[in-house]
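Working through the structure, step by step
Letter by letter, the chains look like this.
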Amino acid sequence: IDQPDPDHKFNFKIPTERPAQTKPQPQEQPSEQPLTDYTDFFLQAQKANTGAYLEGRGISKATQELFGVGFVEEWKTPTAPEYVKGNPYVIFPTSKYTYCTRYTGTDEAMSKYKKIHIGKNAPFFCEKLALESSLPIFVVEGETDALSLWELGYTALSLGSANFAARFIDFA
């Protein structure tokens, strides 16, 4: 579409190009309290990621690698006591100091722990896209939603939860 329809309420062009596929750099987050650097954890999780869970949802291994998605077979929150059993989770780095997890098991009792944010939430992909893209950026709720749009050729970022919309406005 060369010219947007002036009567269309969104009035933007459909993306025809994508930013270069380079791995996004995690965003730094200033804080007054000491932050945990999860870089080594992310690298271990990325090595352990077979890609199977997200590939089953249409997200290629290449896209998972591009955005640093990892997997931990027996993950538990960093503050959990030793006796707590770990569970399978996909790991979505959102900054050097923060990440989001997605439970991949089948135990219904875990449904309230399906998504867990570690550290102050930061939008998934935001810094890289804001700096390199002149195309429309779709803002979605979940990390898998953003990855799905990327697979379709669109640029997207995830808030991590609709509850974080106000924080995103402050962040932007």
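Not measured: the values here are computed from a predicted model.

1. Some words on the side chain of Q64
Inspection of the secondary structure puts Q64 in helix α3 (residues 61–66). If we skip the residues at most four places from it in the chain, Q64 touches N49, G51, L54, E55, I59 and V69.

2. Some remarks on the sheet that holds strand β3 (residues 99–103)
Taken together, the 4 strands give an open sheet; going across it, the order is β1-β2-β3-β4, and neighbouring strands pair in antiparallel fashion. This sheet does not close on itself; its edge strands, each paired only once, are β1 (70–75) and β4 (115–118). Averaged over all adjacent pairs, the angle separating strand axes in this sheet is 30°, with direction ignored. Bridging between β1 and strand β2 (residues 87–93) involves 4 bridges; their strand directions are antiparallel. Counted as the bridge partner of F71 is V90 from β2. Against the sheet, helix α5 (residues 143–151) contacts β2, β3 and β4, and its axis sits at roughly 60° relative to β2.

3. A short note on the packing of aromatic side chains
How two aromatic rings sit relative to each other is given by the distance of their centres and the angle of their planes. According to the stated counting rule, one finds 11 aromatic pairs in the structure shown. Each ring, one from Y38 and one from F42, has its centre 6.2 Å from the other, and the planes form 40°; the classification is tilted. Assigned by exposure class, Y38 and F42 land together as buried. An angle of 40° between the planes, with centres 5.1 Å apart, marks the rings of F41 and Y99 as tilted. Within this pair, whereas F41 is found in helix α1 (residues 39–48), its partner Y99 is found in strand β3, the two being separated by 58 residues in sequence. Under the relative-accessibility criterion, Y99 is labelled buried at 2%. What links up through ring pairs into an aromatic cluster is the set Y38, F41, F42, W75, Y89, Y99 and Y103.

4. Some thoughts on α5
Two residues of an α-helix separated by three or four positions point the same way, owing to the 3.6 residues in each turn. All of the buried residues along α5 are E143, A146, L147, L149 and W150. An end-on view of α5 places all buried positions within 160° of arc, on one side of the element. Just downstream of α5, G153 is the residue with a positive phi angle, here 100°.

5. Here we look at the environment of Y38
Take Y38: it is sitting in the segment before α1. Separated by 61 residues in the primary sequence, Y38 and Y99 have C-alpha atoms spaced 8.5 Å apart. When sequence neighbours within four positions are dropped, the list of residues in contact with Y38 reads P78, K96, Y97, T98, Y99 and I118.

6. Describing the pattern of salt bridges
All chains considered together, the criterion is met by 3 salt bridges. Between K96 and D37 there is a salt bridge, and its shortest N-O distance comes to 3.7 Å. Linking K96 in the loop between β2 and β3 with D37 in the segment before α1, this pair joins segments that are 59 residues apart in sequence. The exposure class assigned to D37 is partly exposed, which follows from its relative accessible area of 41%. For E65, the salt bridge goes to K61, with nearest N and O atoms at 3.5 Å. On the criterion of helical spacing, the pair formed by E65 and K61 is a turn pair, its members being 4 residues apart in helix α3. A relative accessible area of 48% places E65 in the partly exposed class.

Cut-off values and rules
- Residues numbered from 1 in each chain as written.
- Predicted model: local features only at pLDDT ≥ 70, side-chain atom pairs only at ≥ 80, totals over all residues.
- Heavy atoms only, no water.
- Helix = DSSP H or I, 4+ residues; strand = E, 2+ residues; numbered from the N terminus.
- Contact = heavy atoms within 4.5 Å.
- Pairing = 2+ DSSP bridges.
- Axes fitted to C-alpha atoms, helices over the stretch in contact; angles between N-to-C directions.
- Phe/Tyr/Trp six-rings, centres within 6.5 Å; stacked < 30°, edge-to-face > 60°.
- Buried < 20%, exposed > 50% of the residue type's maximum accessible area, 1.4 Å probe, protein only.
- Arc of directions from axis to C-beta.
- Salt bridge = Lys/Arg side-chain N within 4 Å of Asp/Glu carboxyl O.

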